[in-house]
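# Coordinates in review
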Amino acid sequence: MAMQQLYVTLNNGIRMPQLGLGVWKAEGNEAEHAVDIALKAGYRMIDTAAVYQNEAAVGAAVRKSDIPRDQLFITTKLWNSDQGKASVRPALEASLRRLGLDYVDLYLIHWPMPARGRYIETWLEFEKLQQEGLVRTIGVCNFQIEHLERLRQHSSTIPAVNQIELNPHLSQSELRSYGKEHGIHIESWSPLGGSKTSGSLLTSKPLTSLAQKYNKTPAQIVIRWHLQHDLIVIPKSINEERIRQNFDVFDFVIDHDDMETIDGMNTGTRTGPNPDTMNVALNPTMINLGPNIANIFRRRG
Ligand code: A2P
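Scope of this entry: the structure provided in the associated data block. Just so it is clear, the structure is predicted and the values come from calculations on it, not from any experiment.

A word on the sheet that holds strand β10 (residues 232-233). Overall, parallel pairing links the eight strands, which are arranged β3-β4-β5-β6-β7-β8-β9-β10 in an open sheet. Every interior strand has two partners, whereas the edge strands, β3 (21-22) and β10, have only one. Pairing between strand β6 (residues 104-109) and strand β7 (residues 135-141): five bridges, direction parallel. Its bridge partner lying in β7, Ile-109 is registered against Val-140.

Using the criterion set out here, one finds seven aromatic pairs in the structure. Sitting over the ring of Trp-24, Lys-25 keeps its end group 4.6 Å from the ring centre. Sitting above the plane of the Tyr-103 ring, Arg-69 keeps its charged end 4.1 Å from the centroid.

Here we take up helix α5 (residues 145-154). Listed as buried for α5 are His-147, Leu-148 and Leu-151. Seen from one end, α5 has its buried residues packed into an arc of 100 degrees, which puts them on one side. In α5, those exposed residues whose orientation departs by more than 90 degrees from the buried face are Glu-146 and Gln-153. Taken together, the buried residues of α5 touch α4 (119-131), β7, β8 (161-165) and α6 (173-182).

Here we come to α6. An α-helical turn contains 3.6 residues, so a residue and the one three or four places further along point in the same direction. Residues of α6 that are buried include every one of Leu-175, Arg-176, Tyr-178, Gly-179 and His-182, and no others. Taken end-on, α6 shows its buried residues confined to a sector of 165 degrees, consistent with a single buried face. For α6, exposure combined with an orientation more than 90 degrees from the buried face picks out Glu-174, Lys-180 and Glu-181. At its buried positions, α6 is contacted by α5, β8, β9 (185-189) and α9 (218-228). Just downstream of α6, Gly-183 is the residue with a positive phi angle, here 75 degrees.

Quick look at the pairing of strand β5 (residues 73-78) now. The buried fraction of β5 amounts to six of the six residues, a majority that puts the element mostly inside the structure. For the crossover that starts at strand β4 (residues 45-47), traverses helix α2 (residues 55-64) and ends in the parallel β5, the hand is right-handed. Note that the unit made of β5, helix α3 (residues 88-99) and β6 has a crossover that is right-handed.

Moving on, we get to unusual backbone geometry. Positive phi, normally seen in glycine, also occurs at Gln-172, with a value near 55 degrees. Within the fold, Gln-172 resides in the loop between β8 and α6. Of note in this structure, Ser-190 is not a glycine but carries a positive phi near 45 degrees. For Ser-190, the position within the fold is in the loop between β9 and α7 (194-202). Overall, Ser-190 belongs to the buried group, its relative accessible area being 16%.

Attention now goes to the site of the ligand. Taken together, 17 residues form the shell around the ligand, and within it Leu-192, Ser-237, Arg-242, Gln-245 and Asn-246 come nearest. Ser-237 places a side-chain nitrogen or oxygen 2.5 Å from an oxygen atom of the ligand. Taking 570 Å² as the accessible area of the ligand by itself, protein coverage stands at 83%. Those elements that provide at least two residues to the shell around the ligand are α7 and α10 (240-247).

Let's shift gears to the pattern of salt bridges. Evaluated as defined, the whole model comprises 15 salt bridges. Salt-bridge contacts for Arg-89 lead to Glu-132; the nearest nitrogen and oxygen are separated by 2.5 Å. Placement of the pair is Arg-89 in helix α3 and Glu-132 in the loop between α4 and β7, with a sequence separation of 43 residues. A relative accessible area of 27% means that Arg-89 is categorised as partly exposed.

Moving on to the layout of surface pockets. In this structure, the second largest pocket spans a volume of roughly 270 Å³. Along the wall of the second largest pocket there are 14 residues; nearest its centre are Arg-176, Lys-180, His-229, Asp-230 and Leu-231. Taken together, the elements giving at least two residues each to the lining of the second largest pocket come down to α6 and β9. When residues in the lining of the second largest pocket are grouped by element, the largest group, five residues, is from α6. Class assignment of the residues belonging to the lining of the second largest pocket gives a composition of three nonpolar, eight polar and three charged.

A word on empty space enclosed by the protein. Overall, the coordinates contain two cavities of 30 Å³ or more when judged by the stated rule. Approximately 50 Å³ is the volume found for the largest cavity. Among the elements that take part in the lining of the largest cavity, α5 stands out by supplying three residues, more than any other. When its residues are assigned to classes, the lining of the largest cavity shows six nonpolar, two polar and one charged. Of the voids in this model, the second largest cavity is the one considered here, and its volume is about 40 Å³. Lining the second largest cavity, in full, are Asn-142, Phe-143, Gln-144, Ile-164, Glu-165, Gln-172, Leu-175, Arg-270, Pro-273 and Pro-275. Taken together, the residues of the lining of the second largest cavity break down into five nonpolar, three polar and two charged.

Criteria and cut-off values
- Residues numbered from 1 in each chain as written.
- Predicted model: local features only at pLDDT ≥ 70, side-chain atom pairs only at ≥ 80, totals over all residues.
- Heavy atoms only, no water.
- Pairing = 2+ DSSP bridges.
- Helix = DSSP H or I, 4+ residues; strand = E, 2+ residues; numbered from the N terminus.
- Phe/Tyr/Trp six-rings, centres within 6.5 Å; stacked < 30°, edge-to-face > 60°.
- Lys NZ or Arg CZ within 6 Å of the ring centre and 35° of its normal.
- Buried < 20%, exposed > 50% of the residue type's maximum accessible area, 1.4 Å probe, protein only.
- Arc of directions from axis to C-beta.
- Contact = heavy atoms within 4.5 Å.
- Right-handed = clockwise from strand over helix to strand, strands pointing away.
- Near = heavy atom within 4 Å.
- Polar contact = N/O pair within 3.5 Å; in protein donor to acceptor, adjacent residues only side chain to side chain.
- Areas by Shrake-Rupley, 256 points an atom, 1.4 Å probe, with all protein chains shown as cover.
- Salt bridge = Lys/Arg side-chain N within 4 Å of Asp/Glu carboxyl O.
- 1 Å grid on protein atoms, 1.4 Å probe; cavity = no way out; pocket = protein on both sides within 12 Å on 5 of 7 lines; lining within 4 Å.
- Points joined across faces, edges and corners; volume = space filled by probe spheres on them.
- Nonpolar A, V, L, I, M, F, W, Y, C, P; charged D, E, K, R; others polar.

Dropping the structure here:
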């Protein structure tokens, strides 16, 4: 089987690479180096966010590569403190400046922050940015069905993507079914179970046995599981070997029974904040990245 990137077609007809690099918690040079390695390894989709404070590093690596811009797919996200009619456009413009790009391929609302009640007006601004070509596609992150239903009542634009925490321990079947029904692609964040628990997910029994069976690593089995479920997937790594390893997943297929075995690992356990109660809207510059950001979210979540 050829080593070949897979693509999904989003609900606006745009093709998006199904496997990309996540860069949460990767700082400065580290992020630039990771993106550089990833692009050389064949990745064409990079997922960053204003709050990660590494858009400049991502942009530097993208511009340094000789890959034509139209072959790359760059995602960034509007941070919580910038939700609201007046702040969306300046926030995107600042992201584009940091990235050094004229447009992003996908712009996402990072969290619904239901207690603030601004995601509808934010979404209506997103529609305008898309009409103007500053973003090719718009979507959301961490939206629950209730939030998606509210969007549907106020806008005729269905989000192309809902990026949610998803891995074999948190299989999110309801949001996946809803996405299928409404043409919303699901993108998995912390697809390997995240940094805190990746130990427990990736060293757990069904995955280590399957890794042996397929002559792959547990991380490759998990990434393949996402792909075979039609999920868009953005494993994060800053390690050269693991960045390459995570892209080496196009030459095998997990059989039906083994997919079901992995499906059976669901415990419904989140490692990140609960979107219903996550309402942190600190300015990104006030947020000390690294392990602290997760603690801030957890405390308030
Ligand atoms: P590192 O950056 O040192 O490679 P997730 O994408 O689920 O958030 O998981 C990211 C965590 O998993 C990071 O701590 C990352 O560490 C680690 N990781 C990424 N790829 C692999 C891999 N192939 N095997 C083991 N751990 C991995």
